Amino acid sequence: MTAAHAVSIAVTFVWLGMVVAISFLEAPLKFRAPGVTVRLGLGIGRLVFRALNVTEVVWAALLVAGLLVGGLPAGVLAAGATAVAVLVVQLVGVRPRLTRRSDRVLAGEEVPRSHAHYAYIGLEVVKVVALLVAGILLLGA
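These notes cover the structure that comes with them.

Scoring rules and cut-offs
Residues numbered from 1 in each chain as written. Predicted model: local features only at pLDDT ≥ 70, side-chain atom pairs only at ≥ 80, totals over all residues. Heavy atoms only, no water. Phe/Tyr/Trp six-rings, centres within 6.5 Å; stacked < 30°, edge-to-face > 60°. Helix = DSSP H or I, 4+ residues; strand = E, 2+ residues; numbered from the N terminus. Buried < 20%, exposed > 50% of the residue type's maximum accessible area, 1.4 Å probe, protein only. Core = buried A, V, L, I, M, F, W, Y, C linked by side-chain atoms within 4.5 Å. Salt bridge = Lys/Arg side-chain N within 4 Å of Asp/Glu carboxyl O. Axes fitted to C-alpha atoms, helices over the stretch in contact; angles between N-to-C directions. Parallel < 35°, antiparallel > 145°, perpendicular 65-115°, else oblique. Left-handed = near helix turned anticlockwise from the far one by under 90°. 1 Å grid on protein atoms, 1.4 Å probe; cavity = no way out; pocket = protein on both sides within 12 Å on 5 of 7 lines; lining within 4 Å. Points joined across faces, edges and corners; volume = space filled by probe spheres on them. Contact = heavy atoms within 4.5 Å.

Some thoughts on the packing of aromatic side chains
Move 1: For the structure on display, the rule yields one aromatic pair.
Move 2: Look at Phe49 and Tyr120: their rings are 6.0 Å apart centre to centre, the planes differ by 80°, and that puts the pair in the edge-to-face class. With Phe49 in helix α2 (residues 38–70) and Tyr120 in helix α4 (residues 115–140), this pair connects stretches of sequence that are 71 residues apart. Across the pair, Tyr120 and Phe49 agree in class, each one buried.

Observations regarding the nonpolar core
Move 1: One finds Trp15, Leu67 and Leu138 to be the most contacted residues of the largest nonpolar core, which totals 17 residues.
Move 2: Elements represented by at least two residues in this core include exactly α1 (3–30), α2, α3 (74–106) and α4.
Move 3: When residues of this core are assigned to their parent elements, the largest contribution, five residues, is made by α1.
Move 4: Within the second largest apolar cluster, ten residues are counted, among which are Ile22, Leu52, Ala116 and Tyr120.

Structural notes on the pattern of salt bridges
Move 1: Inspection of every chain in the model, using the stated rule, returns five salt bridges.
Move 2: Notably, a salt bridge pairs Lys30 with Glu26, separated by 3.4 Å at the nearest N-O pair. Note that Lys30 and Glu26 are positioned in helix α1 at a spacing of four residues, about one turn of the helix.
Move 3: When its relative accessible area of 12% is taken as the criterion, Lys30 is described as buried.

What to know about the packing of α3 against α4
Move 1: Here α3 crosses α4 at 160°, and the two axes come no closer than 8 Å. Looking at the two axes, α3 sits roughly antiparallel to α4. When the axes of α3 and α4 are compared, the crossing they make is left-handed.

Some words on the layout of surface pockets
Move 1: Considered as a void within the structure, the largest pocket measures approximately 730 Å³ in volume.
Move 2: Considering the residues around the largest pocket, the lining is formed by 28 residues, among which Phe31, Leu42, Phe49, Leu98 and His117 are closest to the centre.

Description of the environment of Val48
Move 1: Looking at the element boundaries, Val48 is found in helix α2.
Move 2: Look at Val48 and you get partly exposed, because its relative accessible area is 24%.
Move 3: When the C-alpha positions of Val48 and Ala27 are compared, they lie 8.8 Å apart, and in sequence the two are 21 residues distant.
Move 4: Apart from the residues within four sequence positions on either side, Val48 is in contact with Ile22 and Glu26.

Rendered as structure tokens:
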């Protein structure tokens, strides 16, 4: 196993763990905590997801570098590329809409639930599956 291969495995599973912990545990649970209002939860969520997304960009860059250097099978490359592509779609296509909506909520407006939120969650599911597949395939490569 090369160093690039080992780094790719580590990056994939750390990235996967972060997404699962934040998107599927922290994000929904914070709104159940006593005293957490929608405005407070959104404010916290914006900070947490901004930090997650910055970290994800770093993980994505490391994964791409590791995959390009590693000479790995096409399935690993496809799964890794899917995770990276989903991240790009989230950051460029969905996050700006969510930010505009949360800006309005934080300013005190009553706004309806956003369909972009559901798109983001759906993309998170795709990203989790892609990272899991990439990690499993990396372990077997």
